[in-house]
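Spelled out, the chains give:
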Amino acid sequence: MSKSALRRALRIALETAYNDGTDASSSPILIRNDVDVKPVMINTEKRNVIQSFFGTKGVVVTTSAWSEINFTTEACFAAAAGGAPPFGELLQMCAMSKTVTGSAITGTAQAGATATLTLASGASATDDAYLGMPITTTGGTGSGQRNIIIAYNGTSKVATMASEWDTTPDNTTTYSIAKNTQYRPVTHLSDASDSGSVIWDIDGKKQTVTGARGTFTLTMDNAAIPVFKFALKGLLGTITDASFPSIDLSSWTDPTAVNHSNSGDIKICGVFDPAVKKLSFDIGNTVEYRTTTAGESIIVTDRSGMISFSVEDEAVAAGHWLEKAQTATTGVFSIRHGTVSSTARGFSVVVRRGQMVDPGNSVDQNIVMYDGRAEMIPSSAGNDEIVITTW
């Protein structure tokens, strides 16, 4: 009996321990129609034997099987303020840690400047503790302004903003950093990093995959729905006939397009508010199937993050993109999607050090564009080259 492409579903769950096959039946993923599943991948070795006639000699299967699952899902907002987004567990499966700030952080500023705010003396002593978080001025001078924190010095308590303040705050200004959920990279060459189990349903056929890990690209092109493209690898479980499940996608909120109304606080290599046409963040994980006589697993062996963008070319004084690429300049890359307030929903992406490479030009509607890429460079502490914050 034929299988309907309309009756396909992907369900995932974080595993409690690596390859334990945690039940994923109640965690469906909203997927687009470009899903590409390679259900059975194997390694083989040709039998290179001598025989007295032409013809193939056959192969020997040398490993167990794994699966590859590539799909796109919408980068929507969390259903609850400060909560985890529905794609959060997928990020964790891609070597990203999750940190929850469960309540708003409030205080009275010690000082303010054009694009900074010196937080209260009791603020965190950890550098970049508030990186990527949304902040609102709630009282005093400059009340009612919203911004994204793109740097924080734990010693001086100075928080640097993605945008300049309309009204410069001072020591009368009160502020609130919204409760949020953050995802930052991790480095694990063992089973310590998060993994997931996956169920792939095709109209009455059910395939399970365990020990899955992956990589992702977040694409935030203008006048388009922001999307994550995930590429997962996992160990092949079972393939059985099973009734098609009831799929509840209510946790996936309706997306909003990236545009001048819904998005802001954009920096491209430190240049504020350029005219962006295309923007994407590729975490660049190297994900490999590994087998030894002791067993098999899917591991993340390296990470090489890359930003790709296309902006309107401008006067040298406005950006000088070519000089930035020529000198491999590093700078902040950031974008906020959604609004910032105690009841609003949104997310931000901040890369502290993007190093410009590969300059080029293109034409869009007879407008000259500068096309570039930038490598995501971690600090000496590591595991901080990109921060995704949802609220």
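Everything here concerns the structure above.
First, a word on scope: everything that follows refers to the structure included in this document. By convention here, each chain's residues receive numbers from 1 onward along its written sequence. This being a predicted model, a pLDDT of at least 70 is required before a residue's local features are given, and a value of 80 or more before pairs of side-chain atoms are given or counted; all residues contribute to the totals for chains, interfaces and linings. Hydrogen atoms and water are omitted, and side-chain values are computed over all heavy atoms in the structure.

### As for the overall build of the protein
Heads up, the rule is: Under the DSSP-based scheme used, a helix requires at least four consecutive residues in state H or I and a strand at least two consecutive residues in state E, with every element numbered from the N terminus. With C-alpha atoms as the basis for the radius of gyration, the globule rule is written as 2.2 Å multiplied by the number of residues raised to the power 0.38. Only heavy atoms enter the contact rule, under which two residues are in contact if any of them lie within 4.5 Å. Per-residue and other accessible areas were derived by the Shrake-Rupley procedure at a 1.4 Å probe size, with only the shown protein chains allowed to occlude residues. Under this rule, positive means Lys or Arg and negative means Asp or Glu; His and the chain ends count for nothing. To locate a charge, take atom NZ for lysine, CZ for arginine, CG for aspartate or CD for glutamate.
Helix and strand counts for the protein come out as two helices and 28 strands. Its C-alpha radius of gyration of 24 Å places the protein within 12% of the 21 Å reference for a compact globule of 391 residues. Projecting the C-alpha coordinates of the protein onto the three principal axes gives extents of approximately 85 × 45 × 40 Å. Restricting to contacts in the protein with at least 6 residues of sequence separation, those with at least 24 account for 72%. Here the protein has roughly 17,900 Å² of accessible surface; of this, 49% comes from carbon and sulfur atoms. Side chains of the protein give 30 positive and 38 negative charges; the mean places of these two sets differ by 5 Å.

### Looking at the pattern of salt bridges
The condition that has to hold: Put simply, a salt bridge is a Lys or Arg side-chain nitrogen that is within 4 Å of an Asp or Glu carboxyl oxygen. Exposure categories follow from relative accessible area, calculated using a 1.4 Å probe and restricted to protein chains: below 20% of the type maximum is buried, above 50% is exposed, and the middle band is partly exposed.
Applying the stated criterion across every chain yields a total of nine salt bridges. As a salt-bridge pair, Glu385 and Arg303 come within 2.6 Å of each other at their nearest N and O atoms. Highlighted residues: Glu385 in the loop between β27 (367-376) and β28 (387-390) and Arg303 in strand β23 (residues 295-303), separated in sequence by 82 residues. Of the two residues, Glu385 and Arg303, both sit in the buried class.

### Considering the side chain of Asp203
Applied cut-off: We call two N or O atoms a polar contact when they sit within 3.5 Å, provided that within protein one can donate a hydrogen and the other can accept it, with sequence-adjacent residues counted only if both atoms are side-chain atoms.
The topology assignment puts Asp203 in the loop between β16 (196-202) and β17 (205-219). Residue Asp203 is classed as buried on the basis of its relative accessible area, which comes to 17%. Engagement of the side chain of Asp203 in a polar contact is seen with the side chain of Arg7, the distance being 2.7 Å. If we skip the residues at most four places from it in the chain, Asp203 touches Ser2, Lys3, Ser4, Arg7 and Phe244.

### Some thoughts on a nonpolar patch on the surface
The criterion, for reference: The patches reported here contain residues having more than 30% relative accessible area and no salt bridge. Joining distances are 9 Å for like charges and 5 Å for nonpolar side chains (Val, Leu, Ile, Met, Phe, Trp, Tyr).
A grouping of Val40, Ile42, Val61 and Ile239 is seen on the molecular surface, where their side chains present a nonpolar patch of about 330 Å² in accessible area. Tracing the backbone through its elements, the reader meets Val61 in strand β5 (residues 59-61).

### Considering the sheet that holds strand β10 (residues 116-118)
Quick reminder of the rule: A pair of strands is treated as paired once DSSP finds two or more bridges between them. A fitted line through C-alpha atoms represents every axis, and for helices the fit uses only the stretch in contact; the resulting angles, taken between N-to-C directions, go from 0 to 180 degrees.
Judged by pairing direction, the sheet is antiparallel, and its seven strands sit side by side in the order β8-β14-β11-β12-β13-β10-β9 without closing on themselves. Taken across any chain shown, the strands that pair with only one partner, and hence form the sheet edges, are β8 (105-108) and β9 (111-113). Averaged over neighbouring strand pairs, the angle between their axes works out to 30 degrees when direction is ignored.

### What about the environment of Gln182?
Tracing the backbone through its elements, the reader meets Gln182 in strand β15 (residues 180-185). Owing to a relative accessible area of 4%, Gln182 belongs among the buried residues under this scheme. For Gln182, the residues in contact, after removing those within four places along its chain, are Ser97, Lys98, Thr99, Leu131, Gly132, Met133, Val387, Ile388 and Thr389. A distance of 2.9 Å separates the side chain of Gln182 from the side chain of Thr389, its partner in a polar contact.

### Overview of the pairing of strand β19 (residues 263-268)
A large share of β19 lies buried, amounting to six of its six residues. Bridge count for β19 against strand β25 (residues 330-338) is three bridges, and the pairing is antiparallel. When the sheet's bridge partners are listed, Ser263 is paired in β25 with His337. Where β19 meets strand β20 (residues 271-272), two bridges bridge the pair, whose relative direction is antiparallel.

### What about the packing of aromatic side chains?
The following threshold applies: Working definition: a ring pair exists when centres of Phe, Tyr or Trp rings (six-membered ring for Trp) sit within 6.5 Å. Plane angles under 30 degrees give stacked, over 60 give edge-to-face, the rest tilted.
Tallying each qualifying case throughout the model produces twelve aromatic pairs. An angle of 45 degrees between the planes, with centres 4.6 Å apart, marks the rings of Phe87 and Phe228 as tilted. Of this pair, Phe87 sits in the loop between β6 (66-74) and α1 (88-93) while Phe228 sits in strand β18 (residues 227-241), and the two are 141 residues apart along the sequence. Both residues of the pair, Phe87 and Phe228, belong to the buried class. Measuring from ring centre to ring centre gives 5.9 Å for Phe309 and Phe333, while their planes differ by 55 degrees; the resulting arrangement is tilted. In this pair, Phe309 sits in strand β24 (residues 306-312) while Phe333 sits in strand β25, placing the two residues 24 residues apart along the sequence.

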